[in-house]
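Inside the fold
So you can see what is in the structure, the chains are spelled out below.
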Amino acid sequence: MPGPPRTFVLPVLARMMRSRLDVMAWAAAKYGDAVRLPLGPKTLYFFNHPDHAKHVLADNAENYTKGLGMIHARRALGDGLLTSDGELWRKQRKTIQPVFQPKRIARQLGAISSEAERLTARLHAHIGASPVDVREEMTAFTLGVLGRTLIDADLGGFESLGDSFEAVQNQAMFDAITLGTMPLWLPLPLQTRFRRAQRDLQRIVDQLAADRAAKPAGDDIVSRLIKSTRHEPDQRAGRIRMRDELVTLLLAGHETTASTLSWAFHLLDEHPQVWQRLHDEALEVFSHGPLTTESLHKLTYTTQVLNEVIRLYPPVWLLPRIARAPDNIGGFPVAAGADVLLCPYLLHRHPEFWTTPSRFDPERFTPAASAGRNRYSYIPFGAGPRFCVGNSLGMMEATVVLATVARELRLTKVAGYKVASEAMLTLRIRGGLPMRVRRVT
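What you see is a predicted model; the values in this text were computed from it and never measured.

Quick look at the packing of aromatic side chains now. Enumeration over the complete set of coordinates arrives at 6 aromatic pairs. Considering the side-chain rings of W26 and Y31, the 5.9 Å spacing of their centres and the 85 degrees angle between planes classify their relative orientation as edge-to-face. Residue classification places W26 among the buried positions, given a relative accessible area of 16%. Taking the relative accessible area as the measure of exposure, Y31 reaches 22% and is therefore partly exposed. Ring plane angle 5 degrees and centroid distance 3.5 Å describe the contact between W263 and Y313, whose orientation is recorded as stacked.

As structure tokens, then:
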């Protein structure tokens, strides 16, 4: 299998410390679609072809468990749906899946539209005033949606929720990068904030559970988790499991959609002709009244824009796996216990499958342009058994809010502000995107 010699381990490690994405981009450019990367006693196997993704994520998915970084992030996220494997994961998926059934998601359109209108009203308040942190606003919107659609609760009353989520997310990223080598008990500011956040999130989850228990059982996540954990022999273990599940769902659900929307407004600012078409489509669809499930399907260009946004900046840019047993991927042998990496960010920019891959072009996703495209050249929500359970809800809320805002507002980046693409990928747009808001006339 091609790759740098073991004597090159120090330069590879140095690159890895600066940026994991940079290492894989360099490896793909120099060695091709299958690369062996030596990292001291560990070897990484990086695969960057749709056939490789299909094999690992779908055809032989049972042979691969969550891998490098994700298993270490479990210290912060617990055994939620994102980090668990095997029988526990199957049990969790069975509990949660019904909440994301298409018919139930379709019934949430009114709540999503209401939250989108509230967001647009907040943005209106910034016209002619100070810049708005678009990431902060998108996060408030997505948390509002998740509270109403998944939990049947108003999360706005928990003022500490956003800060606690951020502390958990920062700890999970730190653990993923350092491979969990830093003890959690060390009195470092990052880890002190994380421990405080854990206590706060447990308090919030307990409150949500108590509120839900006082009402008739519904089909929301909290009701299902109460039923699922009711027979846990250890009551404390049940509380922790409910916390892990809710924190994982809310964190993953709001963070990915907020990130996608932030990138969308960034790209729309750079491509005003795309924004104009988006605006015109929104005016036409909304001219017939509030959004319905039928009119939502008429936002075809808006959907193309979002598909192109997540091609360039996928919600999850790296999919690490560990091989349970020996395997052969694309003709290359992989040993049991090997760390296997797939990178949607680079796969979505593979020149063999995408023309001018770095260019933002929503026309790639017209029916004609999409016909015949390799299914696994585009995996923003993963693939196979672990295909993202919340993709339909995420795409619906992103479509609704993008059209609702574009109908009457234009967001433009503050002059002089530059986006460091790679840093934003790995740190999830820390600090947000400062933008100015103006009314469309």
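We are not done yet, so read on.
Here we come to the sheet that holds strand 10 (residues 434–439). Across the sheet, 3 strands lie side by side as 4-10-9; this open sheet has antiparallel pairing. Strands at the two margins of the open sheet, each flanked by one partner only, are strand 4 (132–133) and strand 9 (409–413). Bridge analysis of strand 4 against strand 10 gives 2 bridges, and the strand direction is antiparallel. Within strand 10, the position partnered with V132 by the bridge is M435. On the sheet, helix 7 (residues 109–124) packs against strand 4, strand 9 and strand 10 and is oriented at approximately 60 degrees with respect to strand 9.

As a further point, take helix 11 (residues 221–229). Most of helix 11 sits inside the fold, with 7 of its 9 residues counted as buried. Looking at helix 11, one finds that the buried residues are I221, V222, S223, L225, I226, S228 and T229. Here the buried face of helix 11 lies against helix 5 (86–96), helix 8 (134–151), helix 10 (189–213) and helix 12 (235–270). For helix 11, the N-terminal cap is D220; the gap from its side-chain oxygen to the backbone nitrogen of V222 is 3.1 Å.

Helices that pack against each other are described as a pair by the angle of their axes relative to one another and the distance between those axes. Where helix 11 contacts helix 12, the axes come no closer than 10 Å and their chain directions differ by 150 degrees. With respect to helix 12, the axis of helix 11 lies roughly antiparallel. Pair helix 11 / helix 12 crosses with right-handed handedness. Packed against helix 11, whose contacting residues are I221, V222, L225, I226, S228 and T229, the element helix 12 presents G238, R241, M242, E245, L246 and L249 at the interface. Across the contact of helix 11 with helix 12, the residue classes break down as 7 nonpolar, 3 polar and 2 charged.

About the cut-offs
Residues numbered from 1 in each chain as written. Predicted model: local features only at pLDDT ≥ 70, side-chain atom pairs only at ≥ 80, totals over all residues. Heavy atoms only, no water. Phe/Tyr/Trp six-rings, centres within 6.5 Å; stacked < 30°, edge-to-face > 60°. Buried < 20%, exposed > 50% of the residue type's maximum accessible area, 1.4 Å probe, protein only. Pairing = 2+ DSSP bridges. Helix = DSSP H or I, 4+ residues; strand = E, 2+ residues; numbered from the N terminus. Contact = heavy atoms within 4.5 Å. Axes fitted to C-alpha atoms, helices over the stretch in contact; angles between N-to-C directions. Polar contact = N/O pair within 3.5 Å; in protein donor to acceptor, adjacent residues only side chain to side chain. Parallel < 35°, antiparallel > 145°, perpendicular 65-115°, else oblique. Left-handed = near helix turned anticlockwise from the far one by under 90°. Nonpolar A, V, L, I, M, F, W, Y, C, P; charged D, E, K, R; others polar.

Remember that the coordinates give geometry; whether it matters functionally is a separate question.
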